[in-house]
Amino acid sequence: MTATGAFTGWPPEAFTFFAELEVDNSKAFWERNRATYDTAVRAPMEAFAATVESDYGRMHIFRPYRDVRFSRDKSPYKTHCGAVTEGPGGEVFYTHVSADGLLAASGYHQMARDQLERYYAAVDDDRSGPELETIVARLARDYEVGGSALKTAPRGYPRDHPRVALLRHKGVTISRTFPVEDWQSLPEAANQITAVWDAARPLNDWLNAQVGPSTLPPPEAR
């Protein structure tokens, strides 16, 4: 990854590009506007990644092309540009830019089977479970808490479990979406993103201590 220069934010053209892509998600539009993507979207993301690398690790910037093999939606291009890095305990730090503005998120996005087993056991435990409950309740005041996927408690746990809301999670994250504002075209945008990541520290500390990274081989190997 090579940054194009110091991070100065995403120019207004970045948000306009994605707004227009949502209307015309075609190869013809993409080819006409590829230069805008490269300079207004991709280059600032590379510069942002370089800015935060020393504190959060090297970021992976996702490709702009959608995998449409198993999707009814055959639109060829993603309507956002995202980047992610992973901490030593398995927590992720993510951001993306789209027509809606900026999104920043952190936590455990999708836990593997062995992680879920440890997570459920920790939530069930009367010491570690209430601790997570307190952390999540505090963060929920200012951030969106994500990762809830099950309709009820997982197999082996009662449906009336006192922490059933947490047991329904297959991942635990916090995120914030920032609607398009002038500061997103300034270096300050980096501080706004990392402020969300830093706010997730209590959640990530709990997850790293109680769950940790998966020891299973990656899905393609299995």
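**With respect to the overall build of the protein chain**
- When you go through the protein chain residue by residue, the secondary structure sums to seven helices and six strands.
- Secondary structure of the protein chain in N-to-C order comes out as α-α-β-β-β-β-α-α-β-α-β-α-α.
- Computed over its C-alpha atoms, the radius of gyration of the protein chain comes to 19 Å, within 12% of the 17 Å expected for a compact globule of 222 residues.
- If one aligns the C-alpha atoms of the protein chain with their principal axes, the spans along those axes are about 55 × 40 × 30 Å.
- Counting the 222 residues in the protein chain, one finds 44% classified as buried.
- Partitioning the contacts of the protein chain with sequence separation of at least 6, the portion at a separation of at least 24 is 68%.

**Some remarks on the side chain of T95**
- Assignment of secondary structure puts T95 in strand 3 (residues 92–98).
- One polar contact links the side chain of T95 to the main-chain carbonyl oxygen of L103, over a distance of 2.8 Å.
- Non-local contacts of T95, meaning those with residues more than four positions away in its chain, are made with M45, F48, C81, G82, A83, L103, A104, I193 and W197.

**Observations regarding the packing of aromatic side chains**
- Across all of its chains, the model carries 20 aromatic pairs by this definition.
- Ring geometry for F17 and W30: centres 5.7 Å apart, planes at 65 degrees, overall edge-to-face. Taken together, the positions of F17 in helix 1 (residues 12–23) and W30 in helix 2 (residues 27–56) put the pair 13 residues apart, joining distant regions of the chain.
- A relative accessible area of 2% places F17 in the buried class.
- Look at W30 and Y37: their rings are 4.9 Å apart centre to centre, the planes differ by 45 degrees, and that puts the pair in the tilted class. For the pair W30 and Y37, one class covers both residues: buried.
- One aromatic cluster in this structure is built from F17, F18, F29, W30, Y37, Y65 and Y77.

**Notes on the pattern of salt bridges**
- Applying the stated criterion to the full structure yields ten salt bridges.
- Among the salt bridges present, the one from D73 reaches R66, with a minimum N-O distance of 3.9 Å.
- What makes R66 partly exposed here is its relative accessible area of 26%.
- Its salt-bridge partner being R201, residue D198 comes within 4.0 Å of it at the nearest N-O pair.

**Quick notes on the environment of Y77**
- Note on placement: Y77 falls in the loop between strand 1 (60–61) and strand 2 (80–86).
- Accessibility expressed as a relative area gives 8% for Y77, which makes it buried.
- Separated by 21 residues in the primary sequence, Y77 and Y56 place their C-alpha atoms 28 Å from one another.
- What Y77 contacts, discounting residues up to four positions off in sequence, is L21, N25, S26, K27, W30, P64, Y65 and R66.

**What about the environment of S75?**
- Its location among the elements puts S75 in the loop between strand 1 and strand 2.
- Owing to a relative accessible area of 23%, S75 belongs among the partly exposed residues under this scheme.
- Each C-alpha atom of the pair S75 and E22 lies 9.5 Å from the other, and the pair is 53 residues apart in sequence.
- Looking at S75, its side chain comes within polar contact range of the side chain of D73, at 2.7 Å.

**Description of the nonpolar core**
- By size, the foremost hydrophobic cluster in this structure holds 56 residues, and its most contacted members are W10, F48, V97, Y119, W197 and W206.
- Ranked by the residues each element gives to this core, the list is headed by helix 2, at eleven residues.
- Beyond its immediate stretch of four places on either side in the chain, F48 contacts F7, W10, M59, T95, A190, I193 and W197.

**Digging into the environment of P202**
- Take P202: it is sitting in helix 7 (residues 201–210).
- Sequence-wise, P202 and L139 are 63 residues apart; in three dimensions their C-alpha atoms are separated by 9.2 Å.

The rules behind these values
- Residues numbered from 1 in each chain as written.
- Predicted model: local features only at pLDDT ≥ 70, side-chain atom pairs only at ≥ 80, totals over all residues.
- Heavy atoms only, no water.
- Helix = DSSP H or I, 4+ residues; strand = E, 2+ residues; numbered from the N terminus.
- Rg over C-alpha atoms; globule rule 2.2 N^0.38 Å.
- Buried < 20%, exposed > 50% of the residue type's maximum accessible area, 1.4 Å probe, protein only.
- Contact = heavy atoms within 4.5 Å.
- Polar contact = N/O pair within 3.5 Å; in protein donor to acceptor, adjacent residues only side chain to side chain.
- Phe/Tyr/Trp six-rings, centres within 6.5 Å; stacked < 30°, edge-to-face > 60°.
- Salt bridge = Lys/Arg side-chain N within 4 Å of Asp/Glu carboxyl O.
- Core = buried A, V, L, I, M, F, W, Y, C linked by side-chain atoms within 4.5 Å.

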